[in-house]
Amino acid sequence: MKSAVETLNPTRVRLTVEVPFEELKDSLDAAYKKINQQVTVKGFRKGKIPARVIDQRFGRGAVLEEAVNDALPKFYTDAVNEAELNPLGQPEVDITELKDGETLNFTAEVDVRPTVEIPDYSGIEVEVDAVEVTDEDVEKSVEQLRERFASTSPVERAAEDGDVVTIDLQAKVDGEVLEDGVADGVSYTIGSGELLDGIDDAVKGLEAGGEATFTSELKGGSAAGKEAEVTVKVTQVAKRELPELDDDFAQLASEFDTLEELRADSRKRLANMKQYDQATQAQERVLDKLLELVEVPVPEKLLEDEINTRKHNLEHHQLGQMGLDLEKYLEIQGKTAEEFETETREAAVKGIKTQFVLDELVKQEKLNVSQEELTEHLMRRAASSGMSPDQFAQAVVEQGQVPLLVGEVARGKALAVVVEKATVKDTNGEIVDLDDEEEETEAAEAAAESTESGDEKADDKAEEKTEG
């Protein structure tokens, strides 16, 4: 076999391959064997039909087609390996010549991973938010905890803001009661905004036994997005009572003996959260600066696949779970379809560039992923997915996504290397020391992942297709 490579552009090549006919022998034998198992010829036992009879009865062309289809993937892979290419996605193959007994010639056009030159990045400087926890932040945190320990007691009066009402609901569309539009005994806090638009105004002023009708757009169910006539009946009004902010509350709501100890712990926790947010912000801004330094051509076919993947994940997973379609989502976001297309394309370009650059850094810095690092990453991903670590690990193995997770960890480590050499200052002009290695790596993985699409990453997806 002989092969040659022609570079069509920085991300696409054309392979020209010439295969001597004798190298098709194994595939021809396999083709005759396969056809033997599929057909019957009177006078011959199944599987024992001579090759000349198959040629006469079914045509030599059918055998050649079967043999070529069997042989092409191997010859293509050999040519790719010989040229030391990194293909992305499936090739477009064109058989240019097939002479029985003489030769098989074909071309294969395929996107390839571009060559990425990483410049000196030690001079990167970024600014991040300062870590500042105010007394107001602490009081808000304590108040939220206080809300969780609120109690309710029934009252015989009209419902007011903040009250908890027990209600029965019935929704009609075009005068017909929906099968899934009836709910009894629903507990609702007035002003929480957790149910339908308009329900607060409808129930305020009603006593137990009171009833009102209002119009609202349904957020979920069989008639999601449609205007419905909703009848609400109040069966109970209860007043929420918050516990006193004192040492007794601290003992009730926490492991602390005094309110001041509880406040001090809240301040510490808020500071830790803001430090993590600061680290993540640093990773994201350093990554943006790094991408500005590197020229990265993006394969058009890979880009289109990534855009389609992002749209699919949004429409069929994220929005589907919320009972929304794309049109309603854009309306809520205040975006036009054109703006959505532009933002999706920009995010896809950034995601692909990020992978190419960080993967090159992984090679350049000779970074490896230990079993412990992979396990820690798997635990974090499991927690964010709502699955147990065992369930998540099993799903990852069954779907062949272990290399994908290894890649995520490696890219996070590569970004952490860049951040370590960058100068990070907060808005007060103070140098930020991101010296918590575990927190830094975790934040770097999050920053690197945030530019990639939901369930499948573009490059990994393309490589899986090629390998398949």
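Note that this is a predicted model, so its numbers are computed, not measured. Along every chain, residues carry numbers that run from 1 in the direction the sequence is written. Given that this is a predicted model, residues contribute local features only at a pLDDT of at least 70 and side-chain atom pairs are listed and counted only at 80 or more, while totals for whole chains, interfaces and linings are drawn from all residues. Where side-chain values are given, they derive from all heavy atoms of the structure, hydrogens and water being excluded.

**Points about the packing of helix H11 (residues 371-385) against helix H13 (residues 402-421)**
Axis definition: a line fit to C-alpha positions, over the contact stretch in the case of helices; interaxial angles, taken between N-to-C directions, run 0 to 180 degrees. Helix and strand assignments come from DSSP, with helices taken as H or I runs of at least 4 residues and strands as E runs of at least 2, each series counted from the N terminus. Interaxial distance between H11 and H13 falls to 10 Å at its minimum, and their mutual angle equals 105°. On the basis of the axis angle, H11 is roughly perpendicular to H13. Side by side, H11 and H13 meet where Glu373, Leu374, His377, Leu378 and Arg381 of the first sit next to Val402, Leu405, Val406, Glu408, Val409 and Lys413 of the second. Across the contact of H11 with H13, the residue classes tally to six nonpolar, one polar and four charged. Roughly parallel means an angle under 35 degrees; roughly antiparallel, over 145; roughly perpendicular, 65 to 115; everything else is oblique. A contact between two residues is defined here by any heavy atoms of the two lying within 4.5 Å. In this classification, Asp, Glu, Lys and Arg are treated as charged, Ala, Val, Leu, Ile, Met, Phe, Trp, Tyr, Cys and Pro as nonpolar, and every other residue, Gly included, as polar.

**Side note on the sheet that holds strand S3 (residues 87-99)**
Read across the sheet, four strands follow the order S1-S2-S4-S3 without closing on themselves; strand pairing throughout is antiparallel. Unpaired on one side and paired on the other, strand S1 (2-9) and S3 mark the two borders of the sheet. Strand after strand, the sheet turns through a mean of 20° between neighbouring axes, direction not considered. Any two strands with at least two DSSP-identified bridges between them are counted as paired. For S1 and strand S2 (residues 12-20), the ladder comprises seven bridges, and the chain directions are antiparallel. Each bridged residue has a counterpart across the sheet, and for Asn9 the counterpart in S2 is Arg12.

**Considerations on the pattern of salt bridges**
Here a salt bridge means any side-chain nitrogen of Lys or Arg lying within 4 Å of a carboxyl oxygen belonging to Asp or Glu. The final tally for this structure, using the stated rule, is 35 salt bridges. Note that Arg60 is salt-bridged to Asp100, the shortest N-O span being 2.8 Å. Of the two residues, Arg60 is situated in helix H3 (residues 60-83) and Asp100 in the loop between S3 and strand S4 (103-112); the sequence distance between them amounts to 40 residues. Accessibility here uses a 1.4 Å probe with only protein chains present; expressed as a share of the type maximum, an area under 20% marks a residue as buried, one over 50% as exposed, and anything in between as partly exposed. On the basis of relative accessibility, which here comes to 40%, the residue Asp100 falls in the partly exposed class.

**Considering a negative patch on the surface**
For patch detection, residues must exceed 30% relative accessible area and be free of salt bridges, and they are connected within 9 Å for like charges or within 5 Å for nonpolar side chains (Val, Leu, Ile, Met, Phe, Trp, Tyr). The accessible surface values rely on the Shrake-Rupley method and a 1.4 Å probe; as for residues, cover is taken only from the protein chains in view. Only four residue types enter the charge count: Lys and Arg as positive, Asp and Glu as negative, with His and the chain ends excluded. A single reference atom marks each charge: NZ on Lys, CZ on Arg, CG on Asp, CD on Glu. Together, Asp247, Asp248, Asp257 and Glu261 line one region of the surface with negative charge. For Asp257, the position within the fold is in the loop between helix H6 (247-253) and helix H7 (259-293).

**What to know about unusual backbone geometry**
Positive phi is not limited to glycine here, since Asp174 has a value of about 55°. Along the chain, Asp174 falls in the loop between strand S7 (164-173) and strand S8 (176-189).

**Side note on the pairing of strand S5 (residues 125-128)**
By the alternation rule, side chains of S5 split into Val126 and Val128, which are all buried, and Glu125 and Glu127, of which none is buried. Bridge count between S5 and strand S11 (residues 423-426): four bridges; the pairing is parallel. The partner of Val126 across the bridge, within S11, is Val424.

**Thoughts on H11**
To estimate how far a helix should reach, multiply one less than its number of residues by 1.5 Å. In this model, H11 (15 residues) spans 21 Å end to end at C-alpha, consistent with the 21 Å of a helix rising 1.5 Å per residue. Taken together, the buried positions of H11 are Leu374, His377, Leu378, Arg381 and Ala382. When H11 is viewed along its axis, its buried side chains cluster within an angular range of 140° and face the same direction. Structural note: H11 exposes Glu372, Ala383 and Ser384 on the side pointing more than 90 degrees away from its buried face. Two residues or fewer after H11 comes Gly386, characterised by a positive phi angle close to 80°. Note that the arc is computed from the directions linking the helix axis to the C-beta atoms.

**Some details on the pairing of S7**
Alignment of S7 against S8, held across eight bridges, turns out to be antiparallel. Paired with Leu169 across the strands is Ala183, a residue of S8. Hairpin geometry of S7 and S8 is characterised by an intervening segment of two residues between the two adjacent antiparallel strands and by a positive phi of about 55° at Asp174.

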